Amino acid sequence: MLEQANNGDNTLMASPQLLQGGLARSERHTPSVPTLTPAMILHRLQTTLELEELLEIFSNALAGMVPHDGLTFDHPDMGIHISQGRLSRHVCSYNLMVERTEIGQLRLLRGRKFKEPELIALEEALSMLTYPLRNALLYRQALTSAQTDPLTGLLNRTSMTRMLDRELAVATRSGRQVCMLVVDVDFFKQVNDTHGHQAGDHVLVAVAERLRALTRKSDMVFRYGGEEFVIVISETDAESAATAAERVQEVIRSAPHTLDAGQQIRITASIGVAMQRPNDSPASLFKRADQAMYRAKNSGRDRIEWED
Ligand SMILES: Nc1nc2c(ncn2[C@@H]2O[C@H](COP(=O)(O)OP(=O)(O)OP(=O)(O)O)[C@@H](O)[C@H]2O)c(=O)[nH]1
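Residues numbered from 1 in each chain as written. Predicted model: local features only at pLDDT ≥ 70, side-chain atom pairs only at ≥ 80, totals over all residues.

- If you check an unreviewed UniProt entry, the chain appears there as diguanylate cyclase from Ectothiorhodospira haloalkaliphila.
- UniProt's Cofactor (unreviewed entry) comment on the chain is quoted here verbatim: "Mg(2+)".
- Note on the chain: under the UniProt heading Catalytic activity (unreviewed entry), the record states "2 GTP = 3',3'-c-di-GMP + 2 diphosphate". (UniProt positions renumbered as here; feature names shortened; annotations may be inferred.)

Quick look at the structure:
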């Protein structure tokens, strides 16, 4: 079993490694696949910025030279783990770099050992992959930042509309309902005015963290804008939604927030709740939850109000 690490400055290390998992011997790609010229491989790799598609192209282009059962790609800092084909006994692993920047680890898997000429061919192919791979990672980074709020790291309003569209359709098909909570921090302007904008930012980040920690994996938390957050609970009912709203209210007001200067401040939030109705769009559902939130504000704040 071989593990290679190509770190981009021509250092190559080899050490034995055995992968836990399947012991499949049949290869996903067989030697009958035609061998491509380097120019053809490079051309194909430059046809996409989608990471999964790029790796698929790479895997297919490699098939004639280095038959394999599967391929994995990992970039832990970007939270990326892609696995194509299947796990197999022998693993050939490369840490890829471009201009001294790590761009992830690529592993090739198959049931029999990789031979020396195959490793040479693989390294040649990898040298063609690195720049297209770097570009695909940059593209993914750009897409992610367009979807997230830079201050809190939560998904932003644009993402909310897109994801809610899908959630509403799924819930309609399954005969269940989506619930929306609009959560607006009370008297937030006072936090800024009294403690400064940096402290205000700090509170927003802390609120986002509390909401994220509270919500289940299937729930979605968005920063709608300013000090307004939206929680979307998939496939729920009114009783569970009420419990969720109480938990949100509690988690925000329970513990004080400690500012950088050491002061502690307590904050509360006004919460509006709306349940999905037939033919709801993201906008109509949001409108009812938002109106309910404003009623909570007008009724004294630190309250939960339901849609009409
Ligand atoms: N620090 C900080 N402040 C923000 C941010 N976005 C919006 N704000 C401020 O949040 C404040 C919101 O004020 P208002 O809309 O009056 O709301 P409020 O003071 O919370 O009052 P109520 O909602 O009525 O309880 C404004 O002063 C905005 O400038 C941000 O990202 N960081």
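Having seen the structure, we can now continue with the description.
1. Some thoughts on the packing of helix α5 (residues 188-195) against helix α6 (residues 197-214)
Then step 1. Between α5 and α6, the least distance of the axes is 6 Å, while the angle of their chain directions is 140°. Considering their axes alone, α5 and α6 lie oblique with respect to each other. Across the interface between the two elements, Phe188, Val191, Asn192 and His195 from α5 touch His197, Ala199, Gly200 and Val203 from α6. (Axes fitted to C-alpha atoms, helices over the stretch in contact; angles between N-to-C directions. Helix = DSSP H or I, 4+ residues; strand = E, 2+ residues; numbered from the N terminus. Parallel < 35°, antiparallel > 145°, perpendicular 65-115°, else oblique. Contact = placed C-beta atoms within 7 Å.)

2. Here we look at the sheet that holds strand β8 (residues 220-225)
Then step 1. Taken in spatial order, the 5 strands line up as β8-β9-β7-β12-β13 in an open sheet, and their pairing is mixed. At either margin of the open sheet sits one strand with a lone partner, and together these are β8 and β13 (304-306). Looking at each pair of strands side by side, their axes are set apart by 20° on average, direction ignored.
Then step 2. Here strand β7 (residues 177-185) runs beside strand β12 (residues 269-275); their pairing, made up of 7 bridges, is antiparallel. Following the sheet pairing, Asp184 is matched in β12 by Ser270.
Then step 3. Against the sheet, helix α8 (residues 282-298) makes contact with β7, β12 and β13, and its axis sits at roughly 145° relative to β12, the strand it touches most. (Pairing = 2+ DSSP bridges.)

3. Observations concerning the site of the ligand
Then step 1. Asp186, Phe188, Lys189, Gly200 and Gly226 are the nearest of the 16 residues found near the ligand.
Then step 2. Sorting the residues of the shell around the ligand by element identifies β7, α5 and α6 as the ones contributing at least two each.
Then step 3. It is α6 that provides the largest number of residues to the shell around the ligand, a total of 4 residues.
Then step 4. Across the shell around the ligand, the residue classes break down as 5 nonpolar, 4 polar and 7 charged. (Near = placed C-beta within 6 Å. Nonpolar A, V, L, I, M, F, W, Y, C, P; charged D, E, K, R; others polar.)

4. Comments concerning the confidence of the model for the chain
Do not read the predicted coordinates in detail wherever pLDDT is low.
Then step 1. With 89% of its residues at a pLDDT of at least 70, the chain reaches an overall mean of 87.
Then step 2. Low confidence marks residues 1-26, where pLDDT is under 50. Its contacts with residues over four positions away, or in another chain, come to 59 contacts.
Then step 3. Interface confidence in the predicted complex, given as ipTM, is 0.97; pTM for the same model is 0.71. (pLDDT = per-residue confidence, 0-100.)

5. Brief notes about the sheet that holds strand β5 (residues 90-98)
Then step 1. Spatially, β4-β3-β6-β5 is the arrangement adopted by the 4 strands of the open sheet, whose pairing is antiparallel. Pairing within the sheet leaves two strands with one partner each, and these edge strands are β4 (80-85) and β5. Adjacent strand axes in the sheet meet at a mean angle of 15° when their direction is disregarded.
Then step 2. Taken together, the 9 bridges between β5 and strand β6 (residues 101-110) define a ladder with antiparallel strand orientation. Pairing of Ser93 across the sheet is with Arg107, part of β6.
Then step 3. Lying on the sheet, helix α2 (residues 51-62) is in contact with β3 (70-75) and β4; it crosses β4 at an angle near 40°.

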